[in-house]
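Spelled out, the chains give:
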Amino acid sequence: MENNMKKIFVAATVTALAVIGSVAFTALASAQAPQDESASVAGAKAITIWRDPGCGCCDTYADYLETNGFSVTRVDDRDFDKRSVEMGVPERGIGCHLAEIDGYVVSGLVPVEIIERLVSERPDVTGITLPGMPGNAPGMAPAKTGTLKTYAFGKDGVAVYSDE
């Protein structure tokens, strides 16, 4: 009987050490895993939009982003145009709202594929803008139609980023 007790004690000790080791390894692995600050809890790409609270196209645009996998934080800001200039958007290039994603400024109704290209390619620019409120842009139309000219801006000035 004493021999059986020793076997049970040894088995319990080995099991406890295995569990503790597994928990410690899991904690260490998760602590060392790279954290993606641009992702929300659900894995969506986080984007913040400053908009005039009376602008319906901004809500439609935010819904469009959410449909395409973005996690959108909407901030009412009647002075988003002033904030846009403060964040580097050329005054003549201001869109109907301002957004920030992964360290970049995005002004206007920029299509999702252009935003995704920006954060994927990571060019040395402050951001991109689709000036004004083009009638064929997401947020103004049910879907993008025709071509839209998006501009990049930053320390080197303004240049066409996309014309598609």
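Scoring rules and cut-offs
- Residues numbered from 1 in each chain as written.
- Predicted model: local features only at pLDDT ≥ 70, side-chain atom pairs only at ≥ 80, totals over all residues.
- Heavy atoms only, no water.
- Salt bridge = Lys/Arg side-chain N within 4 Å of Asp/Glu carboxyl O.
- Helix = DSSP H or I, 4+ residues; strand = E, 2+ residues; numbered from the N terminus.
- Pairing = 2+ DSSP bridges.
- Axes fitted to C-alpha atoms, helices over the stretch in contact; angles between N-to-C directions.
- Contact = heavy atoms within 4.5 Å.
- Right-handed = clockwise from strand over helix to strand, strands pointing away.
- Buried < 20%, exposed > 50% of the residue type's maximum accessible area, 1.4 Å probe, protein only.
- Phe/Tyr/Trp six-rings, centres within 6.5 Å; stacked < 30°, edge-to-face > 60°.
- Lys NZ or Arg CZ within 6 Å of the ring centre and 35° of its normal.

Novice: Outline the pattern of salt bridges, listing residues and values.
Specialist: Tallied over the entire structure, the rule returns twelve salt bridges. Taking the shortest distance from any N to any O, the salt bridge between Asp 76 and Arg 51 comes out at 3.1 Å. One end of the pair, Asp 76, is in strand β2 (residues 70-76); the other, Arg 51, is in strand β1 (residues 45-51), and 25 residues separate them in sequence. Salt bridges sharing common partners tie together Arg 51, Asp 59, Asp 63, Glu 66, Arg 74 and Asp 76.

Novice: Account for the sheet that holds β2, with residues named and values stated.
Specialist: As summarised here, the arrangement of the seven strands in space is β2-β1-β3-β4-β5-β6-β7, forming an open sheet in which the pairing is mixed. Either end of the sheet is taken by a strand with one partner, and the two such strands are β2 and β7 (157-163). The sheet shows a mean angle of 25 degrees between the axes of neighbouring strands, taken without regard to direction. As defined by bridge partners, β1 adjoins strand β3 (residues 97-101) across four bridges and the pair is classed as antiparallel. Residue Ile 49 lies in a different strand from β3, and its bridge partner there is Ala 99. Contacts from helix α2 (residues 56-67) reach β1, β2, β3 and β4 (104-108) within the one sheet, and its direction differs from that of β2 by about 160 degrees. The strands that helix α4 (residues 112-121) touches are β1, β2, β3, β4, β5 (127-130), β6 (149-154) and β7; relative to β7, the one it contacts most, it runs at about 125 degrees.

Novice: Tell me about the environment of Cys 58, and name the residues and values.
Specialist: Looking at the element boundaries, Cys 58 is found in helix α2. Measuring from C-alpha to C-alpha, the distance between Cys 58 and Arg 74 comes to 9.1 Å, with 16 residues separating the pair along the chain.

Novice: Outline the pairing of β1, supporting the account with residue identities and numerical values.
Specialist: Every other side chain in a regular strand lies on the same face of the sheet, so the side chains alternate between the two faces. Looking at chain direction, β1 and β2 are connected through seven bridges and run parallel. Looking across to β2, one finds that Ala 46 is bridged to Ser 71. For the segment spanning β1, α2 and β2, crossover handedness is right-handed.

Novice: Explain unusual backbone geometry residue by residue, including any values.
Specialist: Glycine aside, residues mostly have negative phi, and peptide bonds are mostly found in the trans state. Residues other than glycine seldom take positive phi values, yet Asp 102 does so here, at roughly 50 degrees. One can find Asp 102 in the loop between β3 and β4. The backbone phi angle of Arg 122 is positive, close to 55 degrees, even though this residue is not glycine. The partly exposed category is assigned to Arg 122, whose relative accessible area is 42%.

Novice: Can you tell me about the environment of Pro 131, naming the residues and giving the values?
Specialist: In this fold, Pro 131 is placed in the loop between β5 and β6. In the structure, Pro 131 is positioned 19 residues away from Thr 150 in sequence and 7.7 Å away in space, judged by C-alpha atoms. When sequence neighbours within four positions are dropped, the list of residues in contact with Pro 131 reads Arg 92, Gly 93, Ile 94, Gly 95, Lys 149 and Tyr 151.

Novice: Explain the packing of aromatic side chains to me, and be specific about the residues and the numbers.
Specialist: Any two aromatic rings considered together are summarised by their centre-to-centre distance and by the angle between their planes. The final tally for this structure, using the stated rule, is one aromatic pair. When the centroid spacing of 5.8 Å and the interplanar angle of 35 degrees are considered together, the rings of Tyr 61 and Tyr 64 count as tilted. Here the residue Tyr 61 and the residue Tyr 64 both occupy positions in helix α2, the gap between them amounting to three residues, near one helical turn. What makes Tyr 64 partly exposed here is its relative accessible area of 22%. Geometry around Phe 70 places Lys 45 over its ring, the cationic atom sitting 4.8 Å from the centre.

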